[in-house]
Amino acid sequence: MDLLNIGGKSFSSRFILGSGKFSLEITKAVIEQGGAQIATLALRRANAGGKENILDYIPKGITLLPNTSGARNALEAVRIARLARELGCGDFVKIEVINDSKYLFPDNAETIKATEILAKEGFVVMPYMFPDLIDARRLRDAGAASIMPLGAPIGSNKGLLTRDFIKILIDEIALPIIVDAGIGKPSQACEAMELGAAAVMANTAIATAKDARLMAAAFKSAIEAGRTAYLAGFGRVLEQSAEASSPLTGFLE
Amino acid sequence: MSTTQKSDHMKYLADMEIIDSDIMNAVLSQTADYDYTAYQKSDVLNALKKDVIDFYDYRALLSPAAEELLEDIAKRARQETRKRFGNSVSMFTPLYISNYCVNQCLYCGFNCKNKITRGKLSYDETESELKAIAETGLKEILLLTGESKKLSDVKYIGEAVRLAAKYFSTVGIEIYPLNSGEYAYLHSCGADFVSVYQETYDTDAYELYHPGGPKRVYPYRFNAQERAVIGGMRGVSFGALLGLHDFRKDAYAAGLHAYYLQQKYPHAEISFSVPRLRAYKNNAENNPRDVREKQLLQVLFAYRIFMPSASITISTRERAGFRDNVIGLAANKISAGVRVGVGGHESEKKGDEQFEIADGRSVAEVHEAILNKGLQPVYTDYL
């Protein structure tokens, strides 16, 4: 069976649901329709014991992926991750260190520092990053359990703007590469999976759809189709230029 | 000859920190060049076609020509709001802890020459007000004072911030401008967000509306947000008091002010507010003049499209029906359970109001209204 393995857990779904932009009352339905087994959770939104606490809306059995959104440097991310653990959110953590309020780009350098600290503390660290190969290697060496490169700026719905760089990470880093931000349509999620991404995370595209439940179902199908195509292996025609009809090296004696 | 010599409103007073910044000059010179009659509908339509708009487009969006295209602009604004904030609408409430004031702002109920009941909350009273507000479920609070370094000094405000931080995950302050060291102090007490509104960006009009008090010093107020960021504050808010002067130019300037600050400090979280003039005690006639709801909406849209990542707050200066419709469309933050006198949440108010509010709904009522719009009330967004 084709499973996604992260941090000692196995998942049959490769669709990770971001939850920050949803109406909470439909979160459960969206998770079900999308078949997601992992859902992110912005700890800063968790209102334990208070009103509209997202933790009350995520169904049991779903692996929580608390994120450190709001952290502006490594130490803040570490603090939030520890809080998440204390709150009983488990050991998975998505590191988000953002020091740019306009584009919300991740700060790779601080992310690497946070990853190193948290991996040593036994967290299953899934860092969100700008897809840079050198930094991805550093994250791997720091103990990351997966790498989450952005496809496009958060919320932009622009798709795989960083396609070629993500492909390099997929080729070079032996960790699950999960495309995180920017995915706006199921076709883009499918494309990421065809490339060999291990999973896709989406939030805005679904949260802002006219019918979020239906869009979640569409993402589920697209991600499955992309994964199946990747496993099937594309014909050489698509991977390389067309084959010549007569041998190019036929002149050799 | 005049018998009283007015102080130079462009000159800093002793004790006012001067920082190295060219933002004010950039904003003032560009605003002086803004002739909003020079734009046509075609300029607006061109702006709406672009992925990211520039200064020229922003000017067009604030021009009279854009009023006729408000529906098209609304569609774009809504798209930007949803991209950045999804369905989320943050909730908060203000708490006035003191209304003593030494300024003479001609449009404000707290003007020291206006005969109103003055008062301030003791620490105990502050705490019981905070408790009462926390019981409504809110997690974000904005502490406000008038300007009086004698009766509401930084130390007093700092203690109130400390108390607020016990009950709320987010504490903002809307007080008189401070030096960066004082902002750093209040940050250490638990405040992370600072609101300062320039009222009008026109230096001559500013001089007329501020005949006395330290607020008269224009550049010190202008650079307050930057000093707050230098002091370690996480976010700063911008806005002009619409209806006071030329609202198109003032809104343009407020946008530029925020834009340049964001460029210089990419980590700073930017917010806008769009206060319109309101009636207050002893001045029932105070009104926003040419800024009707349509123009207000135009300003909201222009801010949203020019700076899509900025937070936009809609206050109780506007009626419920207007507020309920602009959340999710341009605004992403709304106040609820609002009192604008001193205290008044838990016990009798200790001082009169700054202005008359237009939406007195409780936290539960605003919560319900947000849900009814298909949006998500958010109580905590910070830790």
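See the structure shown above.
Attention in this report is confined to the structure presented alongside it. Everything numeric here is computed off the predicted structure, so don't read it as measured data.

1. What to know about the overall build of chain B
Phase 1 of the analysis: Along chain B, the regular secondary structure elements total 15 helices and nine strands.
Phase 2 of the analysis: Against the compact-globule benchmark of 21 Å for 383 residues, chain B has a radius of gyration of 20 Å, which places it among compact chains.
Phase 3 of the analysis: Along the three orthogonal principal directions, the C-alpha set of chain B runs to about 60 × 60 × 40 Å.
Phase 4 of the analysis: Residues classed as buried in chain B amount to 56% of the 383 residues present.
Phase 5 of the analysis: Long-range contacts, defined here as pairs at least 24 residues apart, represent 76% of the contacts in chain B between residues at least 6 apart.

2. Regarding the overall build of chain A
Phase 1 of the analysis: The secondary structure content of chain A amounts to nine helices and 10 strands.
Phase 2 of the analysis: Along the first, second and third principal axes, the C-alpha atoms of chain A reach 80 × 40 × 40 Å.
Phase 3 of the analysis: Among the 253 residues that make up chain A, the fraction classed as buried is 53%.
Phase 4 of the analysis: Nonlocal contacts in chain A, meaning residues at least 24 apart in sequence, comprise 60% of its contacts between residues at least 6 apart.

3. Section: the nonpolar core
Phase 1 of the analysis: Ranked by internal contacts, the top residues of the largest apolar core, which has 113 residues, are L61, I141, L143, V161, L300 and A302 of chain B.
Phase 2 of the analysis: For L143 of chain B, the residues in contact, after removing those within four places along its chain, are L95, I97, I157, A160, V161, A164, V171 and I173 of chain B.
Phase 3 of the analysis: Grouped together as the second largest cluster of nonpolar side chains are 82 residues, A71, A136, I147 and C190 of chain A included.

4. Some thoughts on the interface of chain B and chain A
Phase 1 of the analysis: Taken residue by residue, the interface counts 26 residues in chain B and 25 residues in chain A.
Phase 2 of the analysis: Those elements that place two or more of their residues in the side of chain B that touches chain A are α5 (70–85), β6 (269–273) and β9 (376–378) of chain B.
Phase 3 of the analysis: With four residues, the single largest contributor to the side of chain B that touches chain A is α5 of chain B.
Phase 4 of the analysis: For the side of chain B that touches chain A, the residue count by class is 10 nonpolar, 10 polar and six charged.

5. Examining unusual backbone geometry
All names here are of chain A.
Phase 1 of the analysis: At L104, a residue that is not glycine, the phi angle is positive and equals roughly 60°.
Phase 2 of the analysis: Here L104 is to be found in the loop between β6 (92–95) and α3 (108–120).
Phase 3 of the analysis: According to the C-beta neighbour criterion, L104 is partly exposed, with 19 such atoms within 10 Å.
Phase 4 of the analysis: You will see that N157, though not glycine, has its phi angle at about 55°, which is positive.
Phase 5 of the analysis: If you trace the backbone, N157 turns up in the loop between β8 (148–149) and α5 (163–172).

6. A word on helix α4 (residues 133–142) of chain A
Residues and elements named next belong to chain A.
Phase 1 of the analysis: Those residues of α4 that fall on the buried side of the exposure criterion are D135, A136, R138 and L139. Viewed end-on, α4 has its buried residues packed into an arc of 160°, placing them on one side of the element. Facing away from the buried side of α4 by over 90 degrees, the exposed positions are I134 and D141.
Phase 2 of the analysis: In the core, the buried residues of α4 are packed alongside α3, β7 (124–129) and α5.
Phase 3 of the analysis: Once α4 ends, the next one or two residues include G143, with phi positive near 110°.

7. Side note on the pairing of strand β1 (residues 88–98) of chain B
All names here are of chain B.
Phase 1 of the analysis: Burial runs high along β1: 11 of the 11 residues are buried.
Phase 2 of the analysis: Summarising the sheet, β1 and strand β8 (residues 333–335) pair through three bridges and their orientation is parallel. Directly across from M91, in β8, lies its bridge partner I334.
Phase 3 of the analysis: Two elements, β1 and strand β2 (residues 140–145), share five bridges in a ladder whose sense is parallel. Each residue of the ladder has a partner; that of T93, found in β2, is I141.
Phase 4 of the analysis: Note on the crossover from β1 through helix α6 (residues 123–134) to β2: the handedness is right-handed.

8. Considerations on the environment of P186 of chain A
Residues and elements named next belong to chain A.
Phase 1 of the analysis: Relative to the helices and strands, P186 resides in helix α6 (residues 186–195).
Phase 2 of the analysis: Of the residues examined, P186 has 23 C-beta atoms within 10 Å and is grouped as buried.
Phase 3 of the analysis: Distance from P186 to R213, taken between C-alpha atoms, is 13 Å for residues 27 residues apart in sequence.
Phase 4 of the analysis: Leaving out residues up to four positions away in the same chain, P186 has contacts with A218, F219 and A222.

9. Concerning the packing of α6 of chain A against helix α8 (residues 212–232) of chain A
All names here are of chain A.
Phase 1 of the analysis: The geometry of α6 relative to α8 is characterised by a closest axis approach of 7 Å and an angle of 25° between their N-to-C directions. Classed by the angle they form, the pair α6 and α8 counts as roughly parallel. Relative to α8, the crossing made by α6 is right-handed. Side by side, α6 and α8 meet where P186, S187, A189, C190, E191, A192, M193 and E194 of the first sit next to A218, F219, A222, I223, A225, G226, R227, A229 and Y230 of the second.
Phase 2 of the analysis: For the contact of α6 with α8, the residue count by class is 12 nonpolar, two polar and three charged.

Criteria and thresholds
Residues numbered from 1 in each chain as written. Chains lettered and ligands numbered in written order. Predicted model: local features only at pLDDT ≥ 70, side-chain atom pairs only at ≥ 80, totals over all residues. Helix = DSSP H or I, 4+ residues; strand = E, 2+ residues; numbered from the N terminus. Rg over C-alpha atoms; globule rule 2.2 N^0.38 Å. Buried ≥ 20, exposed ≤ 12 C-beta atoms within 10 Å, placed from the backbone. Contact = placed C-beta atoms within 7 Å. Core = buried A, V, L, I, M, F, W, Y, C linked by C-beta atoms within 7 Å. Nonpolar A, V, L, I, M, F, W, Y, C, P; charged D, E, K, R; others polar. Arc of directions from axis to C-beta. Pairing = 2+ DSSP bridges. Right-handed = clockwise from strand over helix to strand, strands pointing away. Axes fitted to C-alpha atoms, helices over the stretch in contact; angles between N-to-C directions. Parallel < 35°, antiparallel > 145°, perpendicular 65-115°, else oblique. Left-handed = near helix turned anticlockwise from the far one by under 90°.

Geometry only, nothing functional implied.
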